[in-house]
Structures are given as structure tokens and as C-alpha cells.
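# Residue-level structure breakdown
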Amino acid sequence: MKKQRAFLKWAGGKYSLVDKIIKYLPEGDALIEPFVGAGSVFLNTNYERYILADINHDLISLFNIIKKQPDKFIEDAKLLFTQQNNQTAAFYQLRELFNRSESAYQRALLFLYLNRHCYNGLCRYNSSGEYNVPFGQYKNIYFPEREIMAFSEKAQKAEFVCAPYHKVMKKAKEGSVVYCDPPYVPLSESSNFTAYYSIDFSINDQKRLAALAEKLAKQNIPVLISNHDTTHTRSWYQKADIYSVETRRSISCDGQGRKKIDELLVLYS
């Protein structure tokens, strides 16, 4: 089966790791993702139903709109993808419009525009809740019409929820499988990886997630977690089956200088 790409660019997205993730995902009736991101795992698995969550209200609102009215959304979003709007002044005007807008539909259109035009597909908000990623300066901008339609079709099997991970994991029942892709532990003190996220995901959150996974596994609900391969993560996940996988990461705009990085897939079952 050909892999399906997400319609959003997403820092830390799992498209390149999907095959390895699927290898370790158990069978079940439903897949629950408390950190859905752009949805690459959702798009490339085949469960009967899905509960897909994120704390980013704009992201979940966008997904729900595309689930219900993809044709209208595509028609309206295309109007933003012009050469005129792929310029610095236009980008910052539309970013300001997004930050001022109280219309869920308008914010969804602008969220897609910003995602495809901003630097490296980052999604970041300042302390005032304003989207603040700079202009990406790409020569050509791809409009992901086919990917939006594929997402909308698959989304008919999904419930999208805006909620923190610990509340979402409580929705798991026997027959469910949980996949967690939390904000990764930094590889070093100077690491940029935490800049991908608008809120801090603390060490206590990392430990709490591991504890919740262990608790669900005792209820016959398997949990698969991905994270960086560090001494900390190996310690937190010592009660799980640990698998090391290699991937490539880059935070450069043009993708040059990508480094091979070891990640962990840990299975509580």
C-alpha cells in the first residue's frame, strides 16, 4: 500500500517512520492518538475507528471542518495560494489577520496558508497566544488538494478532540490501542526541538505519560510511545519493550544537513 502524506507540513511528523511504527502497533478496534499532529500514523493505518487529539484548538478545528466540508474548504483555501500571497508583506498581513480572527472557518483557511508558507512548517504561538512563525520564503508553494480529500475521506472514521493527553488516554477501553507521539526530550541542553511546541512538555509530563501507559497496559490496553533515544527515556520506559529505530531530522529550511538520529519506539503491552 502506498504511503499517504498528511496535508500539513509538521515538525517532528512521522511520515518517514510510519512503516516502523506500524510494525510495532498491535491490532485493535480503535486507535487513540493523544498527540495527533498532522496525522501521518492515522492516515497509514487501518483501524475501525479513531480518537485523534491535540491541545492545539486551531488544528482540531481545521480537522473537523475538513471532515465535514472538504470541497468548500478546498475552493476557499485555493484563493489564498497565489503568487501575490507568497511574498513577505502579504504573509505578515495574513498572519496578523489570523491572530485577530475569531471565525473558526477563517482561522482554518489561514492556518493551512500559514502552515504551507511559514518557515519549515513550524507551529508556534507566543505567550499571548499569537502565531509567530516567520515567512518561509519558498519559491514554489504546493497546494495539497489531493491530500486534503484523502484526509477527509479517512476522517469519517475519526473523532477529533481538543484535550490534554491524560484526559484523552482515559477514553481508552479494552480493544483500543494507544499511540503517543509527545514533544520529544531534547537531545542536548542546546537542542532546538522544544521550539516546535507552543507549551512546555515537562520532565514530569514525560514521566506521567510513561506511568499512564503502564497503567493502561495492565488493563490490556497496549500503548506505543515514540521519543528520542536518551538515557532519560530508556530509564522512564524500562518497564516496556524498547526498540531503537533510526531516522533523519532537520530543522533547516532547505532540508540540507539532515542528521541520522536514533529514536525509541516503546511498547507497553
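Computed from a prediction, not measured in an experiment: that's the story for all the values here. (Residues numbered from 1 in each chain as written. Predicted model: local features only at pLDDT ≥ 70, side-chain atom pairs only at ≥ 80, totals over all residues. Heavy atoms only, no water.)

Turning to the pattern of salt bridges, a few remarks are in order. Tallying each qualifying case throughout the model produces 9 salt bridges. The salt bridge involving Glu96 is made with Arg100; its shortest N-O contact spans 3.7 Å. Taken together, the residues span about one helical turn, with Glu96 and Arg100 both in helix H5 (residues 88-100) at a distance of 4 residues. Close ionic contact of Lys218 with Glu214 constitutes a salt bridge, the shortest N to O distance being 3.8 Å. Classification of Lys218 by relative accessible area gives exposed; the value is 66%. Judged by relative accessible area, Glu214 falls into the partly exposed class, the value being 21%. (Salt bridge = Lys/Arg side-chain N within 4 Å of Asp/Glu carboxyl O. Helix = DSSP H or I, 4+ residues; strand = E, 2+ residues; numbered from the N terminus. Buried < 20%, exposed > 50% of the residue type's maximum accessible area, 1.4 Å probe, protein only.)

When you line up the elements, Thr45 lands in the loop between helix H2 (40-43) and strand S2 (49-54). Taking relative accessible area as the criterion, Thr45 reaches 9% and is therefore assigned buried. Separated by 134 residues in sequence, Thr45 and Tyr179 place their C-alpha atoms 11 Å apart. Non-local contacts of Thr45, meaning those with residues more than four positions away in its chain, are made with Ile22, Leu25, Leu31, Tyr50 and Lys154. (Contact = heavy atoms within 4.5 Å.)

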